[in-house]
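# Structural overview
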Amino acid sequence: MKIIYLLFLSLLFSCNEPTDITVSTFNIKWLGDGVNDNVQRSDKDYRNLESIVKSLNTDILALQEIENRQAIAKILDTNQYAVYTSSYPDEQKTALAIDKKIDVLEVYQLDEIALGNRDLRPGLVAYCNYYGYDFFVGSFHFKATSRHDDTPVKRTRSFDMRQDQSKHLVTAINKLMEERNDTDVILMGDFNDSPVKENSNIAAIDTDVLDFMTAEMNSCKFPRLKSIDHIVVSQSVKKLVNKSSINMLDLSRTLRGDELRAASDHCPVTMTINIK
């Protein structure tokens, strides 16, 4: 009888444990702390961004183009989220905001993603535990092909850099998985390319171990083009993904004109996994 009672209690408490983890990625164009920023934002603009982040109802938020923690504190509750940022560049860091209900066991800065160039963004990876489920989660921002790449040589160089970043990412993640003996991986961010585009520069990430969950997603800004904001998971995590939860929040549905431009030139992407 005692054994039955203990089994009942175990079942009761396990049923009360959360089973879902929602993750999101959002490149917030030049998000500054309000002092000498590249993109000037009003109090209303920051409130708009705060509302967007709240609407995601996310447990983990990967951020790109972040100046510092003070900038992040203007758009989310740092009492709820633990915030981690890369150490460089000065105004466009990668970052992770992780709900404090999730235990962060270790944080890694992947400098190899910056290719030895402190003007590029390193990767940021956290190793986490949530009710006994251990997993890696990362934020990345690859080299862009911008208006400054105004010659074929410069454009080719940016293509080659993304290819190198992709290879370094796979090598680094494989190393972490081996060190921790854990294959549960979620990688998010602005990869500045699509894995399904002809001559994709980030195809190296799509391996037997890693898979893009957002490969077919279209851009919110240019609907005829594929998205460059992605969520990549390992095969062990892919089995846990709620496919219907994969979504891009189109900011143009709620914001217009200057308010939309002040929010970002990207849209957040979200996904939920069920760890039970």
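As the structure is a prediction and not an experimental result, all values here were calculated from the model.

In this structure, I21, I60, F135, V137, I186, M271 and I273 are the most contacted members of the largest nonpolar core, which totals 51 residues. Setting aside chain neighbours within four positions, we find I60 in contact with I21, T22, V23, S24, L96, A97, I98, I102, F135, V137 and M188.

Attention now goes to the sheet that holds strand β4 (residues 93-99). The mixed open sheet is built from six strands, whose spatial order is β3-β4-β2-β1-β12-β11. The open sheet has two edge strands, β3 (81-85) and β11 (241-248), and neither has a second partner. Within the sheet, the average angular offset between the axes of one strand and its neighbour, ignoring direction, is 15 degrees. Sheet topology places strand β1 (residues 20-31) next to strand β2 (residues 60-66); six bridges connect them, and they run parallel.

The next subject is the sheet that holds strand β5 (residues 103-110). Across the sheet, which stays open at both edges, the six strands sit in the order β5-β6-β7-β8-β10-β9 with mixed pairing between neighbours. The two strands at the open ends of the sheet, each matched to only one other strand, are β5 and β9 (210-212). Along the sheet, successive strands turn relative to each other by an average axial angle of 20 degrees, direction set aside. For strand β7 (residues 133-141) and strand β8 (residues 185-190), the ladder comprises six bridges, and the chain directions are parallel. Bridge pairing links G138 to L187 in β8. Against the sheet, helix α4 (residues 152-180) engages β5, β6 (123-130), β7, β8 and β9, with an angle of about 145 degrees to β5.

As a further point, take the pattern of salt bridges. Under the defined criterion, the tally for this structure stands at seven salt bridges. With its nearest N and O atoms 3.3 Å apart, the salt bridge here joins E216 to K226. Here K226 lies in the loop between β9 and β10 (229-234) and E216 lies in the loop between β9 and β10, a separation of ten residues in the sequence. Given a relative accessible area of 32%, K226 falls into the partly exposed group.

Its 14 residues give helix α2 (residues 43-56) an end-to-end C-alpha distance of 20 Å, which sits within 8% of 20 Å, the value for a rise of 1.5 Å per residue. Restricting attention to buried positions, one finds in α2 the residues D45, Y46, N48, L49, I52, V53 and L56. Projected onto a plane normal to the axis of α2, the buried residues spread over an arc of 155 degrees and lie on a single side. Pointing more than 90 degrees away from the buried face of α2 are the exposed residues D43 and K54. Those residues of α2 that are buried lie in contact with β1, β2, α6 (257-263) and β12 (269-274). With its phi angle positive at about 50 degrees, N57 sits one or two positions after the end of α2.

According to the stated counting rule, one finds one disulfide in the structure shown. With its sulfur 2.2 Å from that of its partner, C220 forms a disulfide with C267. Taking the sign of the S-S torsion, about 95 degrees here, the bridge from C220 to C267 comes out right-handed. Placement of C220 in the loop between β9 and β10 and of C267 in the loop between α6 and β12 is noted, with a sequence separation of 47 residues between them. On the basis of relative accessible area, C267 is assigned to the buried category, the value being 5%.

About the thresholds
Just so you know, the residues in each chain are numbered from 1, in the order the chain's sequence is written. Confidence filtering applies because this is a predicted model: local features only for residues at pLDDT of at least 70, side-chain atom pairs given and counted only at 80 or more, and all residues used for totals across whole chains, interfaces and linings. Hydrogens are left out, water is left out, and the side-chain values use all remaining heavy atoms of the structure. In plain words, nonpolar cores are sets of buried Ala, Val, Leu, Ile, Met, Phe, Trp, Tyr and Cys residues tied together by side-chain atoms within 4.5 Å. Type-normalised accessible area, obtained with a 1.4 Å probe on protein chains alone, sets the label of each residue: buried when under 20%, exposed when over 50%, and partly exposed for intermediate values. By the convention used here, residues are in contact when the closest approach between their heavy atoms is within 4.5 Å. Here the rule is simple: two strands pair whenever DSSP picks up at least two bridges between them. The helix and strand labels rest on DSSP assignments: H or I over at least four residues marks a helix, E over at least two residues marks a strand, and numbering proceeds from the N terminus. Each axis is a line fitted through C-alpha atoms, and for a helix only the stretch in contact is used; angles between axes span 0 to 180 degrees, taken between their N-to-C directions. We define a salt bridge as a contact between a side-chain nitrogen of Lys or Arg and a carboxyl oxygen of Asp or Glu at a distance within 4 Å. A helix's residues, less one, multiplied by 1.5 Å, set its expected span. An arc is given here, and it is the one of the directions from the helix axis to the C-beta atoms. Put simply, a disulfide is two cysteine sulfurs that come within 2.5 Å.

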